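Summary of the model geometry
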Amino acid sequence: MTRRTMVINGAGGSLGGALAAHFAADPQTDLVLSDVSQAALDATLAGLPSGGGSVEALVADVGDFDQVEAVIARAVERFGGVDALISNAGILSPNGRIHNLQTEDWERAFRVNVLGAVNGIKATVPVMRAQQAGTIVLTASVSGLTAWSHAAPYCATKAAVIQLGKVAAVEYARDGIRVNCVCPGTFESAIHAELPPAALDSIAAKHPLGLGAVADLVGAYDYLAGPASGWTTGTALVVDGGYSAP
Ligand SMILES: NC(=O)c1ccc[n+]([C@@H]2O[C@H](COP(=O)([O-])OP(=O)(O)OC[C@H]3O[C@@H](n4cnc5c(N)ncnc54)[C@H](O)[C@@H]3O)[C@@H](O)[C@H]2O)c1
């Protein structure tokens, strides 16, 4: 593995923190971590292993292009480029059927989940095109492939992320840029903090292998962000404990 620079957003969250810790252990990887929450970012930084590459951390809202562009600019300024972007920030939508949801619920979900992914691609592609190399890994969900009642904005935005990744893969293949997507099933995470435990139990029951943990997802990102996936682009890699198999 040659030296690389990786940007991870939503790095203060459960999965983002686990990904940051995993890649921070690699002495050949320099990291630029971002999150909308300084406190969440600080918690991730406190848990990083020592002995890896350098780490920069910035507060940035993925829904704001200028802030996303500033993160990428910092990566270029400090490390000379961006080899991998992991777009991980995401939010759940309020629990409700479509006729009970508000316009703001849709706007919020699209701003973070879809526009966040778009902004990451838009800010990173010019750097990767200049390098004629790079890999982008988007975070969708198995909810972008299957229908979840009472979660239309989440399902619709994650379906949009999958399609965004496919289009970007086709648009930028000739520039040496690969774009892929991970579609996790439900794993234990802070994103479910407001769900009643009974709701999580019934979701768990629909996963043949039970609920996942962040450690169950890391390998998929490692693969898609690294050279082993060099001939893989435009894919939506499902890692869901068998949820979508039946
Ligand atoms: N947990 C699951 O079961 C599950 C399943 C499928 C997909 N996912 C997806 O995985 C990703 C990570 O989720 P998680 O479970 O670790 O959730 P999490 O809530 O623990 O982490 C999400 C992180 O994103 C950050 N964030 C939210 N809005 C942001 C914004 N506008 N700009 C920048 N950062 C922002 C939050 O501060 C948080 O640190 C999300 O995209 C989520 O939709 C999660």
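Figured I'd write up the structure that's included with this text. (Residues numbered from 1 in each chain as written. Predicted model: local features only at pLDDT ≥ 70, side-chain atom pairs only at ≥ 80, totals over all residues. Heavy atoms only, no water.)

What the protein chain contains, in helices and strands, is seven helices and seven strands. In terms of overall dimensions, the protein chain is globule-like: its C-alpha atoms have a radius of gyration of 17 Å, near the 18 Å expected for 246 residues. In terms of overall dimensions, the protein chain has a C-alpha envelope of 45 × 35 × 35 Å along the principal axes. Going through the 246 residues of the protein chain one by one, you find that 48% of them count as buried. Restricting to contacts in the protein chain with at least 6 residues of sequence separation, those with at least 24 account for 72%. When the accessible surface of the protein chain is split by element, carbon and sulfur atoms take 55% of a total near 11,200 Å². Counting 14 positive and 22 negative side-chain charges, the protein chain places the centres of these two groups 6 Å from one another. (Helix = DSSP H or I, 4+ residues; strand = E, 2+ residues; numbered from the N terminus. Rg over C-alpha atoms; globule rule 2.2 N^0.38 Å. Buried < 20%, exposed > 50% of the residue type's maximum accessible area, 1.4 Å probe, protein only. Contact = heavy atoms within 4.5 Å. Areas by Shrake-Rupley, 256 points an atom, 1.4 Å probe, with all protein chains shown as cover. Lys, Arg positive; Asp, Glu negative; His and termini not counted. Charge placed at Lys NZ, Arg CZ, Asp CG, Glu CD.)

For the ligand, the set of nearby residues contains 28 residues, the closest of which are Ser14, Leu15, Asp35, Tyr154 and Ser189. Take valine 62: an N or O atom from its main chain is 2.9 Å from a nitrogen atom of the ligand. A distance of 3.0 Å separates an oxygen atom of the ligand from a polar side-chain atom of lysine 158. Considered on its own, the ligand offers 830 Å² of accessible surface; in the complex 91% of this is hidden by protein. Every element with two or more residues in the shell around the ligand is listed here: helix H1 (14-24) and helix H5 (152-172). Split by residue class, the shell around the ligand holds 13 nonpolar, 12 polar and three charged. (Near = heavy atom within 4 Å. Polar contact = N/O pair within 3.5 Å; in protein donor to acceptor, adjacent residues only side chain to side chain. Nonpolar A, V, L, I, M, F, W, Y, C, P; charged D, E, K, R; others polar.)

Counting through the fold element by element, aspartate 61 comes out in the loop between strand E3 (55-59) and helix H3 (65-79). On the basis of relative accessible area, aspartate 61 is assigned to the buried category, the value being 18%. Apart from residues lying up to four places away in sequence, aspartate 61 is in contact with Val36, Gln67, Val68 and Arg111.

Inspection of the secondary structure assignment puts proline 153 in helix H5. In this structure proline 153 comes out as buried when scored by relative accessible area, which is 0%. For the pair formed by proline 153 and tryptophan 106, sequence separation is 47 residues and the distance between their alpha carbons is 5.7 Å. With residues near it in sequence (within four places) discarded, proline 153 still touches Ser93, Leu101, Asp105, Trp106 and Ala109.

Let us now look at the pattern of salt bridges. A full pass over the atoms with the stated rule returns six salt bridges. Residue arginine 78 pairs with glutamate 56 through a salt bridge whose shortest N-O separation is 2.7 Å. Note that arginine 78 is positioned in helix H3 and glutamate 56 in strand E3, a separation of 22 residues in sequence. Taking the relative accessible area as the measure of exposure, arginine 78 reaches 40% and is therefore partly exposed. Residue class for glutamate 56 comes out buried when judged on its relative accessible area of 14%. Between arginine 129 and aspartate 175 there is a salt bridge, and its shortest N-O distance comes to 3.2 Å. Here aspartate 175 lies in the loop between H5 and strand E6 (177-184) and arginine 129 lies in helix H4 (residues 103-131), a separation of 46 residues in the sequence. Each member of the salt-bridge network shares a partner with another, and the members are Glu56, Arg74 and Arg78. (Salt bridge = Lys/Arg side-chain N within 4 Å of Asp/Glu carboxyl O.)

Our next topic: the pairing of strand E2 (residues 29-35). For E2, the tally of buried residues reaches seven of seven residues, placing the bulk of the element in the interior. Side chains Thr29, Leu31, Leu33 and Asp35 of E2 all project onto a buried face; the interleaved residues Asp30, Val32 and Ser34 project onto the opposite face, where all are buried too. With six bridges connecting them, strand E1 (residues 4-9) and E2 associate as parallel partners. Opposite methionine 6, over in E2, you have leucine 31 as the bridge partner. Assessed by its sense of winding, the connection that carries the chain from E1 through H1 to E2 is right-handed. As defined by bridge partners, E2 adjoins E3 across five bridges and the pair is classed as parallel. Bridge assignment links aspartate 35 to a residue of E3, and that residue is valine 59. Regarding topology, helix H2 (residues 38-46) serves as the crossover connection from E2 to the parallel E3, and that connection is right-handed. (Pairing = 2+ DSSP bridges. Right-handed = clockwise from strand over helix to strand, strands pointing away.)

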